[in-house]
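Read off the chains here:
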Amino acid sequence: MELFLNERSNKSECFSRFLVSLQPRDIPDDDAAEGSTSHVNGRPDAGSSEGNAEEGGKRLSGAQRKKLVKEERKKQRGANKGRRFQKVRDEVELCFRIAGGKDCEFGNECRFTHDVTAYLSAKPRDIYFPSPKDLSDQPPFVRVPDVEMGDGGDISESKTSLDPTTTCAIFQHTGDCKHGLKCRFLGNHVRTKEDGQLELIVDEEKKARLAAAETEVNFIDADTLRKIRTKKYPHPIADAYLKDLQNNANDQKKVEDTVPAGDTSATPGDIADTAAKPVEVPYVTTTKAADEAQDDTPDVPLRFMEKKRLHWTGKTYLAPLTTVGNLPFRRLCVDYGADITCGEMGLAMSFLQGSKEEWSLVRRHPSESIFGMQIAGSKPQLLVPAAEIIGRECAGNLDFVDINCGCPIDLVYKTGSGSALLDAAGRLGKILVGMNKALGDIPVTVKLRTGVKDGKNTAHKLMPRLQSEFGASAITLHGRTRQQRYTKLADWDYIKECVDTVRAREADEDLPPVPIFGGGDCFSSEDYWYKMDNYGVDGVMIGRGALIKPWIFTEIKERREWDISSRERLELVRKYAEYGLNHFGSDTAGVNTTRRYLCEALSFQYRYVPIGLLETLPSRINDRAPAFRGRDDLETLLASPDSRDWVKISEMFLGPAPESWTFTPKHKSNAYGNEEGQG
């Protein structure tokens, strides 16, 4: 990747201004980070190859030294699999009922303190959350007013932790902060009563006006999770379907047992196709409250053709992204133009175990106009019951459910899930048919890779069957095999071949066209529209491109390359922090959870090279830029690969990180200092 040369400057002047080194800087190995199981301790640059030049007093040959250097570099790649992130809590923990101005039902037996004065005395100073006008591209980048503790308004000076100039993201969005006195931005929504006690402020007008527009949906209550966990949650459609599958399997076994030896009239393929035929079970509506007037009326099975059609042609699609594709990040991408969003991959087994963390993955913000969730599993016995529960609990707030047939990591693949389903078409068919029945009118989509082994693509055989035989409502094909991961460019010629194969079968069987999205290496507006114009896809799913530059959706919509300024990028970081506080909470635990995921986002965004420094456009996702200096100090800071700088950026919006808190990056190449720290 070459740096931009101003027409009025000569080459040497430009390089001396922006280049730090002609050596290309290391780019984190996404492939190794996804598949590695090792963990590194200490600095990635700790230990020089010269220090190993002699072993046991023996001088090493050139080949041996080269091997040691290669091994050392290998240790610096991949993922820090030993990462542990724990919640940071208040030094004095106040009961959340008392914090919200309510009475605690446990009274003196409550394990949390009810002493508000003691809590406020030990509570750190409120965090100042800056507004857009407080941001600058010059140090210190964020203007923080110099406020005396307790100074201002009707807040008593004795309440030394309060800052009346701060802004609480939750209060500003909803008119009511659910964290009450525990909020780290408390000064924005509290006043002192005549008796000197603090009183929480509630903006009833804003609460009534904005509640629907700002309240997340798809919350699963504790009672429902308990029913799921104890296997008391009913899923009659899944039970009937799985029973029929078992009966079919028993019938198949009888057929196999009765076929005389040497009889070839019934081939294994015929038997397998018979077993994979759709099982007719009644369709039950996905509304929570059944219509009592219809109790005695038999339900009519829902045919696939009656499913809600997905009209996605030309829409921008943000890929489901584990860890980093959380709700705050999806909101950010929606602001920049993403049309379709999908939650992080969840495991069917964990959904059926009533995992609170797994069920949080289905949460949706009202700004997400087309939202789906992605699920992974290995067999109908897991995926179909999970789909039925999801469909019932998220009825009306879920536009599609995506089956993951592309996850390449060993942890998923070895259980028969993810990309392992690419080699199990019969099993995948049973899963799709069963999930379609269990989800009622909610469409089922499939995301897959080109195949399992490099050089042995199989998607062209599987994809034509997904709609016509199994009832998939949309298909997304990532142009790499499971073995390939991210080591090579995506094969878009093969994606086009698969699209043509599906369209040919649709034409033969007079089927409506199913939306087909391609994926892989889309990093600019030019990339996007070239792929749309030349490969026959209805859209392009964007993953890493959106992680590095979330504004890519704006570029696509406006068909331009955006030379975004460092201040605009800092405003993006501010907005992410705001959305994170709204989602994770504004108390101490929520602030530091937001900090953790903000640092995760910055671990991708630092890779962006400003297009104003490039000689040729557009930039490519696999380009390796030399170490460079930004056009201003803020741009240089935002391009830092040092994870300590990401924490420094987070402190501009979330206050100083606690002494016990450190961030361990996913990629070893970004790790510095003690990597056993907790986040």
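Residues numbered from 1 in each chain as written. Predicted model: local features only at pLDDT ≥ 70, side-chain atom pairs only at ≥ 80, totals over all residues. Heavy atoms only, no water.

A. Main features of the overall build of the protein. When helices and strands are tallied, the protein shows 25 helices and 14 strands. Counting only contacts in the protein whose residues sit at least 6 apart along the sequence, the fraction spanning at least 24 positions is 74%. For the protein, the computed accessible surface area is about 32,100 Å², with 48% contributed by carbon and sulfur atoms. (Helix = DSSP H or I, 4+ residues; strand = E, 2+ residues; numbered from the N terminus. Contact = heavy atoms within 4.5 Å. Areas by Shrake-Rupley, 256 points an atom, 1.4 Å probe, with all protein chains shown as cover.)

B. Here's a closer look at the confidence of the model for the protein. Averaged over all residues, the pLDDT of the protein equals 83, while 78% of them reach at least 70. Here residues 1-12 scores under 50 on pLDDT; set against residues more than four positions off or in separate chains, the count is 26 contacts. Contacts of residues 281-300 to residues separated by more than four positions or lying in other chains number 27 contacts, the stretch itself having pLDDT below 50. (pLDDT = per-residue confidence, 0-100.)

C. Structural context of the nonpolar core. Ranked by internal contacts, the top residues of the largest apolar core, which has 146 residues, are Ile375, Met435, Leu448, Met463, Leu466 and Phe653. Not counting chain neighbours up to four residues away, the residues in contact with methionine 435 comprise Ile375, Leu383, Val384, Ala387, Val401, Ile403 and Val444. In terms of nonpolar packing, the next biggest core, distinct from the first, is built from 13 residues, Cys95, Ile98, Ala99 and Tyr119 among them. (Core = buried A, V, L, I, M, F, W, Y, C linked by side-chain atoms within 4.5 Å. Buried < 20%, exposed > 50% of the residue type's maximum accessible area, 1.4 Å probe, protein only.)

D. Quick look at the pattern of salt bridges. The full count for this structure, using the stated rule, is 35 salt bridges. The shortest N-O distance in the salt bridge between lysine 227 and aspartate 223 comes to 4.0 Å. You can see lysine 227 and its partner aspartate 223 sitting in helix α8 (residues 222-229), four residues apart, about one turn around the helix. For the salt bridge of arginine 364 with aspartate 399, the shortest nitrogen-to-oxygen distance reads 2.8 Å. Of the two residues, arginine 364 sits in the loop between α13 (356-359) and β8 (370-376) while aspartate 399 sits in the loop between α14 (380-393) and β9 (400-405), which places them 35 residues apart along the sequence. For arginine 364, a relative accessible area of 9% puts it in the buried group. Taken together, the shared-partner salt bridges connect Arg465, Glu469, Arg505 and Glu509 into one network. (Salt bridge = Lys/Arg side-chain N within 4 Å of Asp/Glu carboxyl O.)

E. The arrangement of the pairing of strand β7 (residues 340-347) in detail. Of all eight residues in β7, seven are buried; the element is thus mostly enclosed. One ladder, built from six bridges, connects β7 with β8; its direction is parallel. Across the sheet, cysteine 342 pairs through a bridge with glycine 372, a residue of β8. (Pairing = 2+ DSSP bridges.)

F. Just a positive patch on the surface, in detail. Together, Lys87, Arg89, Arg111 and Lys356 give the surface a local cluster of positive charge. Residue placement: arginine 89 occurs in the loop between α3 (62-75) and α4 (96-99). Assessed through its relative accessible area of 49%, arginine 89 is described here as partly exposed. (Patch = residues over 30% accessible without salt bridge, like charges linked within 9 Å, V, L, I, M, F, W, Y side chains within 5 Å. Lys, Arg positive; Asp, Glu negative; His and termini not counted. Charge placed at Lys NZ, Arg CZ, Asp CG, Glu CD.)

G. Seen up close, the side chain of serine 650. Note on placement: serine 650 falls in helix α25 (residues 643-654). According to the relative accessible area criterion, serine 650 is buried, its value standing at 0%. In this structure serine 650 touches Arg595, Leu598, Cys599 and Gly655, once residues within four positions along its chain are discounted.

H. Region of interest: the environment of lysine 356. As for its placement among the helices and strands, lysine 356 is situated in helix α13. When the C-alpha positions of lysine 356 and alanine 222 are compared, they lie 8.6 Å apart, and in sequence the two are 134 residues distant.

I. Expanded view of the packing of α14 against helix α16 (residues 425-438). Running from N to C, α14 and α16 point in directions that differ by 20°, and their axes come no closer than 8 Å. Relative to α16, α14 is oriented roughly parallel. Where α14 crosses over α16, the two elements pack in a sense that is right-handed. Here Pro380, Leu383, Val384, Ala387 and Glu388 of α14 lie close against α16, whose contacting residues are Arg427, Lys430, Ile431, Gly434, Met435 and Ala438. (Axes fitted to C-alpha atoms, helices over the stretch in contact; angles between N-to-C directions. Parallel < 35°, antiparallel > 145°, perpendicular 65-115°, else oblique. Left-handed = near helix turned anticlockwise from the far one by under 90°.)

J. Representation of the packing of helix α11 (residues 327-335) against helix α22 (residues 566-584) within the structure. Taken N-terminus to C-terminus, the directions of α11 and α22 make an angle of 135°; their axes are 8 Å apart at the nearest point. What the angle tells us is that α11 and α22 run oblique. The two elements α11 and α22 cross, and the hand of that crossing is right-handed. Residues Leu327, Pro328, Phe329, Arg331, Leu332 and Asp335 of α11 form the contact with α22, whose own contacting residues are Leu572, Lys575, Tyr576, Tyr579, Gly580, Asn582, His583 and Phe584.

K. Region of the structure containing the environment of proline 139. Topologically, proline 139 is positioned in the loop between α5 (116-122) and α6 (169-174). Looking at proline 139, the relative accessible area reads 49%, which means it is partly exposed.

L. Examining unusual backbone geometry more closely. In this structure, proline 140 follows proline 139 across a cis peptide bond, with omega equal to 5°. With an omega of -5°, the peptide bond running from leucine 617 to proline 618 counts as cis. Take proline 618: it is sitting in the loop between α23 (588-605) and β14 (626-628). Phi at aspartate 521 takes a positive value of approximately 65°, unusual for a residue other than glycine. Inspection of the secondary structure puts aspartate 521 in the loop between β12 (516-519) and α19 (525-534). In this structure, arginine 559 is a non-glycine residue whose phi angle is positive, near 50°. Within the secondary structure, arginine 559 is located in the loop between α21 (552-558) and α22.

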